[in-house]
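# Architecture at a glance
Single-letter residue listing:
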Amino acid sequence: MPVGVLGVSYGSRFACLADTLCRSWHMVRLFIADKQRNPFNLRKAQETGGEHVVIPDLDVREIVKFARRHAREISFGILGPEGPGMQGIRDQLERETGIKMICPSLQYFLEKSKVRQRKLLQEVAPEANPRFRVFDPAEIPRERVKEEVYRWLDEVGERVAVKPDAPATGKGVGVWGDHFRTREEMFQEYFLPSFAKGPVIVEEKLEGEEFSLQFLSDGEHLVPTPCVRDYKRAFDWDQGPNTGGMGSYKDRGELLPFMERRDWEEAVSIAERLHRRLKGEGRNPGLMGVMYVGYILTREGVKVLEVNSRWGDPEVMNLMPLLEDDFVEVCFKCLDGELRGMRFRERASVVIYAVPLDYGGYRKYSGPRRVRLEEAEELRKRYGEDLRLYPGSLEVRENGELWALSSRTVAAVGLAEDLGRAREIALEAVRRIDGPLRHREDIALREHVERSISHMRALRSSAP
Ligand code: AMP
Ligand code: GLY
């Protein structure tokens, strides 16, 4: 019996999930609702006897309509981006088609409110929060808010991060030193524009090394996967604006080179406490799905930056190619409330994204955007399964040509026994992608990794 899977896709993340599904011993058929004609997803849907449709805004009603047409063939769904999740895709799909989607129901999409995230953490793991304060326009009149914000700065210091409550895909966040240096700048340029729309958090700026941990919940058990380091900034050596992530690495085991075992235990324990608080007594199927936690390791231990309800992009691409278990089986266990663990090969992985020249908006490019992947694909003859190429914001035209759209174009994933080798494979492939694209050269570079190690050593030795 073939297993039909509904996929909701945005970016390379789902291409990787589709690849992992197709490696199952089950015969998988993919029914993919995609943001554009992603060449990888299109081919997988065709090869497996499924269907690929383009729904440019990933409107939930349209996705549900597509799923309904194939309701008898689809066993379950997998969500790529958070957008449809925050519109309640899980609830709507199940209500209207009976198909279960592996992602939390609407009320557990914590990315909807950063204030709620901080308040929940304050209940279960206050030590994982920075010192923070919420300024709510429903409670504080506009003419008094400046005084109140400045009074808070007198207490917490000038070095803060300012975050709107509502999701702004990272762009609404302002951090001292990166985005502003004075109170006035912070208040005028970051605080007020967000305060005009809703509550704003002003929290202590944390210093340390960032990492993320992705968990899969079956509604009862919360299963961790290895830690991943994301490179958020647009340019080498972490210069320039934040992006969705220019690349990422995973070391051989669960930990990253700058972490100690107790950091891992702390990070897992924080997530478990949060999961238990949301779950309540017994199993809570509404919680089934991914929990992505962005942490920062500081001199005072592990703190939480954000919580999301979907796989990280690029981070999921560090994990899935190394999954030892059959992913379809993992999904079935998840649906049944029987997920007790996930096994990964003890190998390193490095993801490097090729992005359009104008990605992030810091420069202009109005020329043609044709992309050729043949030379990079050629390398698969040499590296076999140790090299994966996952197209993201790339579309195949009717004539077969590939054209880059506006977001991250193609991810090159290198797998090897150590980080250095995995980096070489990914880098060699990304350099062979032909097109008006660029990438970061320092992803998992030894000097970069060592800088994180010595940064953490210095922070720990100055711990109170
Ligand atoms: P968020 O959307 O909350 O994850 O914030 C986006 C990015 O801003 C994070 O990945 C961090 O690099 C940075 N950031 C957010 N909050 C803080 C904080 N309290 N201290 C330092 N950096 C932060
Ligand atoms: N790469 C960051 C994220 O997926 O949230």
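Residues numbered from 1 in each chain as written. Chains lettered and ligands numbered in written order. Predicted model: local features only at pLDDT ≥ 70, side-chain atom pairs only at ≥ 80, totals over all residues. Heavy atoms only, no water.

## A few points about the pairing of strand 1 (residues 3-9)
This is how the line gets drawn: Burial classes follow relative accessibility: with a 1.4 Å probe on protein chains only, a residue under 20% of its type's maximum area counts as buried, one over 50% as exposed, and anything between as partly exposed. What counts as a helix is a DSSP run of H or I of at least four residues, what counts as a strand is a run of E of at least two, and both are numbered from the N terminus. Only when DSSP finds a minimum of two bridges between them are two strands counted as paired.
Most of strand 1 sits out of view: 7 of its 7 residues are buried. The side-chain alternation of strand 1 yields two buried faces, one formed by Val 3, Val 5, Gly 7 and Ser 9 and the other by Gly 4, Leu 6 and Val 8. Sheet analysis places strand 1 next to strand 2 (residues 28-34), joined by 7 bridges and oriented parallel. Bridging from a neighbouring strand, Gly 4 pairs with Arg 29 of strand 2.

## Some remarks on the site of ligand 2
Operational definition: Any residue with a heavy atom positioned within 4 Å of a molecule or strand is treated as near that molecule or strand. Polar contacts, as used here, are pairs of N or O atoms within 3.5 Å; protein pairs need one atom able to donate a hydrogen and one able to accept it. Residues neighboring in sequence count only if both atoms are side-chain atoms. Surface accessibility follows the Shrake-Rupley procedure with a 1.4 Å probe radius. Residue values consider only the protein chains on display as shielding. Following the grouping adopted for this structure description, the nonpolar residues are Ala, Val, Leu, Ile, Met, Phe, Trp, Tyr, Cys and Pro, the charged ones are Asp, Glu, Lys and Arg, and the polar ones are all others, Gly among them.
What surrounds ligand 2 is the set Asp 230, Gly 244, Tyr 292, Asn 308, Arg 310, Gly 312, Asp 313, Pro 314 and Glu 315. One of the backbone N or O atoms of Asp 313 is found 2.9 Å from a nitrogen atom in ligand 2. Within the contact set of ligand 2, a nitrogen atom lies 2.9 Å away from a side-chain nitrogen or oxygen of Glu 315. Isolated, ligand 2 exposes 200 Å² of accessible area, and the fraction of that covered by the protein chains is 92%. When grouped by side-chain class, the residues that make up the shell around ligand 2 number 2 nonpolar, 3 polar and 4 charged.

## Looking at the packing of aromatic side chains
Convention followed: In this scheme Phe, Tyr and Trp rings, the latter by its six-membered ring, pair at centre separations within 6.5 Å, and the angle between planes marks the pair as stacked below 30 degrees, edge-to-face above 60, and tilted otherwise. A ring is scored as having a charge over it whenever the NZ atom of a lysine or the CZ atom of an arginine sits within 6 Å of its centre and within 35 degrees of its normal.
One pass over the full model with this rule turns up 10 aromatic pairs. An angle of 80 degrees between the planes, with centres 5.7 Å apart, marks the rings of Phe 40 and Tyr 390 as edge-to-face. Of this pair, Phe 40 sits in helix 2 (residues 39-47) while Tyr 390 sits in strand 20 (residues 387-391), and the two are 350 residues apart along the sequence. Across the pair, Tyr 390 and Phe 40 agree in class, each one buried. Chaining the aromatic ring pairs together yields one cluster made of Phe 135, Tyr 150, Phe 187, Phe 191 and Phe 195. Over the ring of Phe 40 we find Arg 43, and its NZ or CZ is 5.5 Å from the ring centre. Sitting over the face of the ring of Tyr 292, Arg 310 holds its NZ or CZ atom 5.4 Å from the ring centroid.

## Comments concerning the site of ligand 1
By nearness alone, 14 residues border ligand 1, and Lys 163, Glu 203, Glu 204, Leu 206 and Glu 210 come closest of all. Interatomic distance of 2.5 Å between a side-chain N/O atom of Glu 210 and an oxygen atom of ligand 1. Here ligand 1, which alone exposes 470 Å², has 92% of that area covered by the protein. Those elements that provide at least two residues to the shell around ligand 1 are strand 7 (160-164), strand 9 (200-204) and strand 17 (301-308). Its residues placed into classes, the shell around ligand 1 shows 5 nonpolar, 1 polar and 8 charged.

## Details of the side chain of Gln 92
What counts is decided by this rule: Any pair of residues with heavy atoms lying within 4.5 Å of one another is described as a contacting pair.
You can see Gln 92 is positioned in helix 5 (residues 89-97). Among all residues touching Gln 92, those that are not within four sequence positions of it are Val 60, Arg 61, Val 64 and Gln 87.

## Points about the sheet that holds strand 17
This is how the line gets drawn: The axes used here are C-alpha line fits, helices contributing only the stretch in contact, and every angle between their N-to-C directions lies in the interval 0 to 180 degrees.
Reading across the sheet, the 4 strands line up as 11-10-16-17 and stay open at both edges, with antiparallel pairing between neighbours. The two strands at the open ends of the sheet, each matched to only one other strand, are strand 11 (222-224) and strand 17. Sheet twist, expressed as the mean angle between neighbouring strand axes with direction ignored, is 35 degrees. Sheet topology places strand 16 (residues 289-298) next to strand 17; 7 bridges connect them, and they run antiparallel. What sits directly across from Tyr 292, in strand 17, is Asn 308. Here helix 9 (residues 261-279) sits on the sheet and contacts strand 10 (209-217), strand 11, strand 16 and strand 17; the angle it forms with strand 16, its principal contact strand, is near 135 degrees.

## Topic: the packing of helix 6 (residues 114-124) against helix 9
Applied cut-off: Angles below 35 degrees are treated as roughly parallel, those above 145 as roughly antiparallel, those between 65 and 115 as roughly perpendicular, and all remaining angles as oblique.
Taken N-terminus to C-terminus, the directions of helix 6 and helix 9 make an angle of 100 degrees; their axes are 10 Å apart at the nearest point. When the axis of helix 6 is compared with that of helix 9, the two are roughly perpendicular. Mapping the contact onto sequence places Arg 116, Leu 120, Leu 121, Glu 123 and Val 124 in helix 6 and Ile 270, Arg 273, Leu 274, Arg 277 and Leu 278 in helix 9. Partitioned by chemical class, the residues of the contact of helix 6 with helix 9 number 6 nonpolar, no polar and 4 charged.

## Points about the sheet that holds strand 4 (residues 74-79)
One open sheet holds the 5 strands; their spatial order is 3-2-1-4-5, and the pairing between them is parallel. The two strands at the open ends of the sheet, each matched to only one other strand, are strand 3 (51-54) and strand 5 (101-102). Relative to strand 3, strand 2 is paired through 4 bridges, and the arrangement is parallel. By the bridge assignment, Phe 31 is partnered in strand 3 with Glu 51.

## What about the packing of helix 1 (residues 12-22) against helix 2?
As a reminder, the rule being used: Working rule for handedness: look at the near helix, and if it is turned counterclockwise from the far one by less than a right angle, call the crossing left-handed; if clockwise, right-handed.
At a minimum axis separation of 9 Å, helix 1 and helix 2 run at an interaxial angle of 25 degrees. When the axis of helix 1 is compared with that of helix 2, the two are roughly parallel. Two packed elements cross with a definite hand, and for helix 1 against helix 2 that hand is left-handed. Residues Phe 14, Ala 15, Ala 18, Asp 19 and Cys 22 of helix 1 touch helix 2, and the partners they reach there are Phe 40, Asn 41 and Lys 44.

## A word on unusual backbone geometry
Asp 313 connects to Pro 314 through a cis peptide bond whose omega is 15 degrees. With respect to the helices, strands and loops of the structure, Pro 314 is situated in the loop between strand 17 and helix 10 (316-319). Backbone geometry at Asp 238 places phi at a positive 60 degrees, although glycine is not the residue there. The phi torsion at Ala 444 lies on the positive side, around 60 degrees, for a residue other than glycine.

## Regarding the pattern of salt bridges
Defined as follows: The salt bridge criterion pairs a side-chain nitrogen of Lys or Arg with a carboxyl oxygen of Asp or Glu, the two atoms within 4 Å.
All chains considered together, the criterion is met by 51 salt bridges. Glu 158 is the salt-bridge partner of Arg 183, the closest N and O atoms lying 2.6 Å from each other. In this pair, Arg 183 is assigned in helix 8 (residues 183-195) and Glu 158 in the loop between helix 7 (142-156) and strand 7, connecting sequence segments 25 residues apart. In this structure Glu 158 comes out as partly exposed when scored by relative accessible area, which is 33%. Residue Asp 386 pairs with Arg 347 through a salt bridge whose shortest N-O separation is 3.0 Å.

By themselves, these observations are geometric and do not establish any function.
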